[in-house]
Amino acid sequence: MSRGVWRTLGLTATRDQTAIRRAYAARLRVTNPEDDPEGFKTLRGAYDQAMALARGQAARDHRGQGEPAVIAIAETPAVAASEEPADPAILTADPPRPDIAAPAQPDAREAALDDLNLLTGRLHALVVDEGPVDTIGIHAAGEALLRSPALDEISVHGRVETWLQDLIACNLPRTDCLIDPSVAHFRWQERSGRLETPGAVEHILLRQDDVVYRRRLRARDHLHNRAFRLLEKPPRPRSPIWRLRTIINERRVRAFFDNLNTAHPTLHADLDPGSAAWWREHFQGPRIGVRSLMAVLAVGAVAFLIGLPASSLFGGGLVGGVLHGLIFGGLAAGLILARFYAIDMARHHWRRDWRDAAPDWIRLGWAPASLAVLLLAGLAPPGTASTLIAVSLALAVLVWARTVAGERPGRLDLTDAYGPLIWANGYLFPFWLVGLHQLSFMHGLQVAVPLIVAGLAFSRSLNALAAYWSGLAVRLRLGLLASAGGLAALAALSLVLAGENVWLQALAVALIGVVAVASRTPAEAHPLPVLRVRYIANGVLIVAVIMAGPMLLLDYHGSSWLVMFGGVLLLGAAISLAISAVAERGR
Amino acid sequence: MFGGCRVIIGIDLGTTNSAVAIWRDGKAELIRNSLGHVLTPSAVSVDDAGQIIIGLAARERQSTHPFQTSTAFKRYMGSARTTRLGDRDFLPEELSALVLRALKADAEAFLGEPVTEAVITVPAYFNDKQRKATRRAGELAGLKVERLLNEPTAAALAYGIHTAGQDNLFLVFDLGGGTFDVSILEMFEGVIEVRASTGDNRLGGEDFNELLITAMRAKFGARWREAAQAGDAIYELLRAAAERTRRALSAADSAMMSITWEGEVFELEITAQELETMAAPLLARLREPVLRSLRDSEIAAENLREIVMVGGATQMPIVRRAVTRMFGRFPATSINPDEAVAIGAAIQAGLKARDAALGEVVLTDVCPYTLGVDTVERLANGSMRHGIFAPIIDRNTVIPASRVELFSTVQDSQREVHFNIFQGESRQVSDNVKLGSIAVPVPPKRAGEVQIEVRFTYDINGLLEVDARVLDSGEKRQLVIVDDEHMSREDVEARRAALAALKVHPRDDHANLALLARAGRCYEDFIADRRDYVGRLIAQFETALETQNPRTVESGRLALAAALDELEGEVWL
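Residues numbered from 1 in each chain as written. Chains lettered and ligands numbered in written order. Predicted model: local features only at pLDDT ≥ 70, side-chain atom pairs only at ≥ 80, totals over all residues. Heavy atoms only, no water.

### Structural notes on the overall build of chain A
Each helix and strand in chain A was counted, giving 25 helices and zero strands. Counting across all 587 residues of chain A, residues that qualify as buried make up 43%. Taking as baseline every contact in chain A between residues at least 6 positions apart, the subset at least 24 positions apart corresponds to 70%. For chain A, the accessible area works out to roughly 31,400 Å², and carbon and sulfur atoms hold 65% of it. (Helix = DSSP H or I, 4+ residues; strand = E, 2+ residues; numbered from the N terminus. Buried < 20%, exposed > 50% of the residue type's maximum accessible area, 1.4 Å probe, protein only. Contact = heavy atoms within 4.5 Å. Areas by Shrake-Rupley, 256 points an atom, 1.4 Å probe, with all protein chains shown as cover.)

### Concerning the sheet that holds strand β26 (residues 464–470) of chain B
Residue and element names in this part refer to chain B. Taking strand neighbours across the sheet as the criterion, the four strands line up as β22-β25-β26-β27 in an open arrangement whose pairing is antiparallel. Strand pairing shows two members of the sheet lacking a second neighbour, β22 (401–408) and β27 (476–480), which therefore form its edges. Along the sheet, successive strands turn relative to each other by an average axial angle of 15°, direction set aside. Strand direction decides the pairing type here: strand β25 (residues 451–458) and β26, joined by seven bridges, are antiparallel. Bridge pairing in β26 links Glu-453 to Arg-469. (Pairing = 2+ DSSP bridges. Axes fitted to C-alpha atoms, helices over the stretch in contact; angles between N-to-C directions.)

### Concerning the confidence of the model for chain A
All names here are of chain A. Summing up the model confidence of chain A, the mean pLDDT is 77 and the portion of residues at 70 or higher is 82%. Of the regions scoring below 50 in pLDDT, residues 64–102 engages in 60 contacts with residues more than four places distant in sequence or in other chains. Here residues 408–416 scores under 50 on pLDDT; set against residues more than four positions off or in separate chains, the count is 20 contacts. (pLDDT = per-residue confidence, 0-100.)

### With respect to the sheet that holds strand β5 (residues 43–46) of chain B
Residue and element names in this part refer to chain B. The three strands lie next to each other as β6-β5-β7, forming an open sheet whose pairing is antiparallel. Looking at the sheet topology across the chains shown, the edges are occupied by β6 (52–54) and β7 (69–71). On average, each strand axis in the sheet is inclined to that of its neighbour by 15°, with strand direction left out of account. Of the pairings in the sheet, the one linking β5 to β7 comprises three bridges and is antiparallel in character. Note that in β7 the partner of Val-44 across the bridge is Ser-70. Strands β5, β6 and β7 of the sheet are contacted by helix α1 (residues 56–64), whose axis makes an angle of about 70° with β5.

### Focus on the pattern of salt bridges
Counted under the stated rule, the structure contains 44 salt bridges over all chains. One salt bridge connects Asp-176 of chain A with Arg-214 of chain A, and the closest N-O pair in it is separated by 3.9 Å. Within this pair, whereas Asp-176 of chain A is found in helix α7 (residues 176–186), its partner Arg-214 of chain A is found in helix α9 (residues 199–217), the two being separated by 38 residues in sequence. The buried category is assigned to Asp-176 of chain A, whose relative accessible area is 18%. By relative accessible area, Arg-214 of chain A is classed as buried at 17%. Among the salt bridges present, the one from Arg-195 of chain B reaches Glu-186 of chain B, with a minimum N-O distance of 2.5 Å. A network of salt bridges, in which partner residues are shared, links Glu-161, Arg-191, Arg-194 and Glu-196 of chain A together with Glu-288, Arg-292, Arg-295, Asp-296, Arg-395 and Glu-425 of chain B. (Salt bridge = Lys/Arg side-chain N within 4 Å of Asp/Glu carboxyl O.)

### Structural notes on the nonpolar core
In this structure, Leu-9, Ile-20 and Tyr-24 of chain A are the most contacted members of the largest nonpolar core, which totals 56 residues. When near neighbours in sequence (up to four residues on either side) are disregarded, Ile-20 of chain A contacts Trp-6, Leu-9, Leu-11, Thr-14, Tyr-47, Ala-50, Met-51 and Ala-54 of chain A. In terms of nonpolar packing, the next biggest core, distinct from the first, is built from 51 residues, Phe-173, Met-216, Ala-255 and Met-316 of chain B among them. (Core = buried A, V, L, I, M, F, W, Y, C linked by side-chain atoms within 4.5 Å.)

### Section: the packing of helix α16 (residues 366–379) of chain A against helix α23 (residues 502–518) of chain A
Residues and elements named next belong to chain A. Direction vectors running N to C along α16 and α23 enclose 165°, while the axes themselves pass 7 Å from each other. Overall, the two elements α16 and α23 adopt an arrangement that is roughly antiparallel. The interaxial crossing formed by α16 with α23 has left-handed handedness. Across from Leu-371, Leu-374, Leu-375, Gly-378 and Leu-379 in α16, the residues of α23 making contact are Trp-503, Ala-506, Leu-507, Ala-510, Leu-511, Gly-513, Val-514, Val-517 and Ala-518. In terms of residue class, the contact of α16 with α23 is made up of twelve nonpolar, two polar and no charged. (Parallel < 35°, antiparallel > 145°, perpendicular 65-115°, else oblique. Left-handed = near helix turned anticlockwise from the far one by under 90°. Nonpolar A, V, L, I, M, F, W, Y, C, P; charged D, E, K, R; others polar.)

### So, helix α3 (residues 128–140) of chain B
Residues and elements named next belong to chain B. Helix length check: α3 (13 residues) gives 18 Å between terminal C-alpha atoms against 18 Å at 1.5 Å per residue, within 8%. Looking at α3, one finds that the buried residues are Asp-128, Gln-130, Arg-131, Ala-133, Thr-134, Arg-136, Ala-137, Gly-138 and Leu-140. Among the residues trailing α3, Gly-142 stands out with phi positive, at a value near 85°. (Expected span 1.5 Å × (residues − 1).)

### Description of unusual backbone geometry
Following Leu-172 of chain A, the chain continues to Pro-173 of chain A via a peptide bond in cis, the omega torsion being -5°. Here Pro-173 of chain A shows up in the loop between α6 (154–170) and α7. Located in the positive-phi region is Ala-72 of chain B, a residue other than glycine, with phi close to 55°. Along the polypeptide, Ala-72 of chain B turns up in the loop between β7 and β8 (83–85). Judged by its relative accessible area of 16%, Ala-72 of chain B falls in the buried class. The phi torsion at Asn-396 of chain B lies on the positive side, around 65°, for a residue other than glycine.

### Here's the deal with the side chain of Ser-370 of chain A
All names here are of chain A. As for its position among the elements, Ser-370 is in helix α16. We classify Ser-370 as buried; its relative accessible area is 2%. Within polar-contact distance, the side chain of Ser-370 engages the backbone oxygen of Ala-367 at 2.8 Å. (Polar contact = N/O pair within 3.5 Å; in protein donor to acceptor, adjacent residues only side chain to side chain.)

### Here's the deal with the environment of Leu-433 of chain A
For Leu-433 of chain A, the location among the structural elements is in helix α19 (residues 429–437). Distance from Leu-433 of chain A to Leu-562 of chain A, taken between C-alpha atoms, is 9.4 Å for residues 129 residues apart in sequence.

### Let's talk about the interface of chain A and chain B
Across the boundary between the two partners, chain A contributes 43 residues, which contact 55 residues of chain B. Three residues, Arg-21, Ile-154 and Leu-195 of chain A, lead the burial of chain A against chain B; their summed loss comes to 17% of the area buried on that side. At the boundary of chain A and chain B, one finds eight salt bridges. In this structure, Arg-295 of chain B and Glu-161 of chain A form a salt bridge, with 3.8 Å as the shortest nitrogen-oxygen distance. Linking chain A with chain B are twelve residue pairs in polar contact (both at pLDDT 80 or more), by the criterion used here. At the level of secondary structure, the elements contributing two or more residues to the side of chain A that touches chain B comprise α2 (17–30), α3 (37–65) and α6 of chain A. (Buried area = accessible area lost by both parts, 1.4 Å probe.)

### Regarding the side chain of Ser-197 of chain B
Residue and element names in this part refer to chain B. Examined against the element boundaries, Ser-197 turns out to sit in strand β14 (residues 191–200). We classify Ser-197 as buried; its relative accessible area is 4%. Setting aside anything within four residues of it in sequence, one finds Ser-197 in contact with Ala-124, Val-182, Ser-183, Val-366, Pro-368 and Asn-396.

### Some words on the packing of aromatic side chains
Within this structure, the stated rule accounts for eleven aromatic pairs over all chains. Ring geometry for Trp-279 of chain A and Phe-283 of chain A: centres 5.6 Å apart, planes at 40°, overall tilted. Taken as a pair, Trp-279 of chain A and Phe-283 of chain A lie in helix α12 (residues 273–284) at a separation of four residues, close to a single helical turn. On the basis of relative accessible area, Trp-279 of chain A is assigned to the buried category, the value being 0%. Stacked on the ring of Phe-188 of chain B, the Lys or Arg Arg-21 of chain A has its end atom at 4.4 Å from the ring centre. Between the NZ or CZ atom of Arg-81 of chain B and the centre of the ring of Tyr-76 of chain B, over which it lies, the distance is 3.9 Å. (Phe/Tyr/Trp six-rings, centres within 6.5 Å; stacked < 30°, edge-to-face > 60°. Lys NZ or Arg CZ within 6 Å of the ring centre and 35° of its normal.)

### Considering the packing of helix α4 (residues 151–158) of chain B against helix α11 (residues 340–352) of chain B
Residues and elements named next belong to chain B. Interhelical geometry of α4 versus α11 gives an angle of 85° and a closest axis separation of 7 Å. Considered as vectors, α4 and α11 are oriented roughly perpendicular to each other. Contacts between α4 and α11 involve Glu-151, Ala-154, Ala-155, Leu-157 and Ala-158 on the former and, on the latter, Ala-340, Val-341, Ile-343, Gly-344, Ala-345, Ile-347 and Gln-348. A breakdown of the residues in the contact of α4 with α11 according to their chemical character gives nine nonpolar, two polar and one charged.

Spelled out as structure tokens, the structure:
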């Protein structure tokens, strides 16, 4: 590109701006804009680029020598929050050109500029002073500066304007008192919304509006008055009264924050920083809201009503009703709190503090853990103790899974709702119903709960697992698929051998559950066509079973149903695993 | 006539006054009109017989026949606003055409040969519509408009920017009747380059008049309760009185502003000091365009070689003082600010006619406003903001220019992308002027995956061409911005013929007409004794006219003029 520039101008690459201009002028006589617009555009483009290169080089050269750049006039620097405004001492006068007579005496002009430097210095000192804000002093210094006669001269005026806008913008809210006189004097209101208006000016105009709005906020009947007053004071998280105020005013504070963020962003500087931070944290994390309070009260009220008649627990009557209400309300409150602290808070802290640094076994360990619990539940002999252990282990694994994962569901789930969950796992229901029908209540619970937990965990938290699966080596994946196949064979064996043995039946159900749940994992990593094949295969199988089903109704027998359902499930799982294996090998 | 080169005149078509000049004998010469003045007021009036009166006579008739007179129609050029004079409606360009026709006649009388080509000046801030309207006005007057020249460039030419050998930076400070333009021009190696061109098109001498009118209203407003703000006879009286007072204050320390309304005289004494205090906000407004052009061109005020003052309002001492304080030195005023633009136009006309006296000078110009399209911005929280202006050609880009920007779709499966083309300086398109729109079909894809290239080409006459091209599919659409009041050749011819058919008083009558109009105005303005006196003078003059004896008429005219000068001061332009 640059070679074309120099060729168009007919020069060798140079930094001499005069030479570039001369070349441009010479070329311009030939290619003038009226006769040859296209040629002129090319020429002008080349000229602009050459001059920009030369100017940039000149600026770099001069900076090295400590002199100001050749092309003068203060450029407006970008406003950064921590930027210091320009040193006021820079505003010394450049000596006037000797061949132009200034009407003002040079001495008078010098004097006025010296005075101006004093004024800017004083204003600067007052503003950046570390101590409390001297509003009156700053305002007076600002007025004195704006009245200075040195500002009549346009170049001084321009530089003071740039300096002042940066000083004000970088030091809000200390410089609030300077805004109105500056905006009036420099007519910044007229420049609002224009393309070339610097960000500092727009920011100052915004602050001007916000200061007016803040005045309105102090009126008692303003919509956001209570929220504003709450946020002006520091937080007191230990005081229960303050906590209660928090819960009651939460919606108001949220509305106020929304309003601030959209319409009055500079007002954030007027809130107490601790308070603002506490609320921001509060809104991000999980919290018990008014709805939970309402739920507890509702449960308590309903329980009270149920406890009134004499036939209920505690003998009925008012006392019975109240006790009823308190106990059940307390239970409800306990459940809500348990969920909040066990799952929501844990998840919040996990997301905030540990997620990024956690090792794989914590992030994904719930998957093999849930399957292991399911297997153990199937193997363990039926009994209250083993049931309790199995159920509590399963719940723990569920909490683990929901805390750690529980992100956006995988491709297999349509939306983040329970409907699709039921759809995806629905085909398991008849199997479970039949399988667990024979078992006693506790034994059934022992197997069912880990099964449900495994299903839930895998359905809702499949994303991370699938990503991990994709990261494994192909051989490892094939190996895992093979072991799943082996488990399937084992399940088939146990089904056939179970007969009337309840324990073996439970084991069979558990094994089939493991296979069914685990066989879904590889699907997440498959491309869409393979997935479609899997779905179609399973669909065909289910349709075939439905069609053939009525024939088998002739001979209803619990365990034979179990065998039939189990067989169908295993067949489906086997087909899925086979397809997955083929797909993996094909990679 | 010299060597068969064609004769092109240069015309300054101003808001308040117009002038015409020619390049002859190696210099620019102003052409005097039928009254012997160099400046012709841009005013058109219709008398009871339907005949057109142009110039000073028309301006004098403004207070006596306000509904048959029109002034300051330059502000409405490019719009379709019509003014009713007598029994006919006039477009602003038709009124300008009448003025141009009068100037053409003056030039032909002066040169003794027909004139068919002209260079007409326009404010640098004029947009495409306004420039086209000015061209049409020239055509309607029977002039081939060779070139539209920007007024600041003309003024710089007048100050010899093209003859000075070394690099020169000129700042042209043009404060006219209604507009304020600041331009920075640079001359190097025989090239005159416009570095920046800005202004405030709602600031001018008229605004200073408004200050005086406001002062009058403050004192007497209660008595004039029934009179409306504008478009009313009393407002015209106030305007004329304000103008006179303002000029008087340029020479003296205090002046009396007086009008006569319904037989009563209302007077207010104003001092120069009071005017300066009242004008402080206006003088402060002068700073902003100057700062903007210095910033746009990245030039320090110290590096300017000359500050050129153009426009009648710059003759006010308060303005001159403000400019002197602004730049720390005296501005250049060696050429009459009212005449500089016409002289510059003549110089340009001479350049176009390739008169051997002038060397080759090339002028480049800039686009005085930003051109771009509207876009949609996606904010951090995911919401979208509509109506954001995306500039494609920045203000003060040298023209002709061609710039290109890339845009993409904002929604999935978008079928069409709509570009609305705007001109202006505001970040929100709602504050800018819409020029047109263009729609281009795009292949349906995800948001952001389709790229459309938009190219703006702005030519030297202010014609904007927009090309939109979809990079994936190669679909192209083009739009050339033409104003919707496009007139065909036949229309222009028809309108020109219609205007030509309007009767104008013969040249010889102009002086008498102007004087009678002035006397009529004085009659209306004065009361009691002075009014009777003026009435008698008018009667005397009309008697002299009836004799049809040239010498009687001439001496009668001089006597009446002298008497009126004594009563109200000399006539001003």
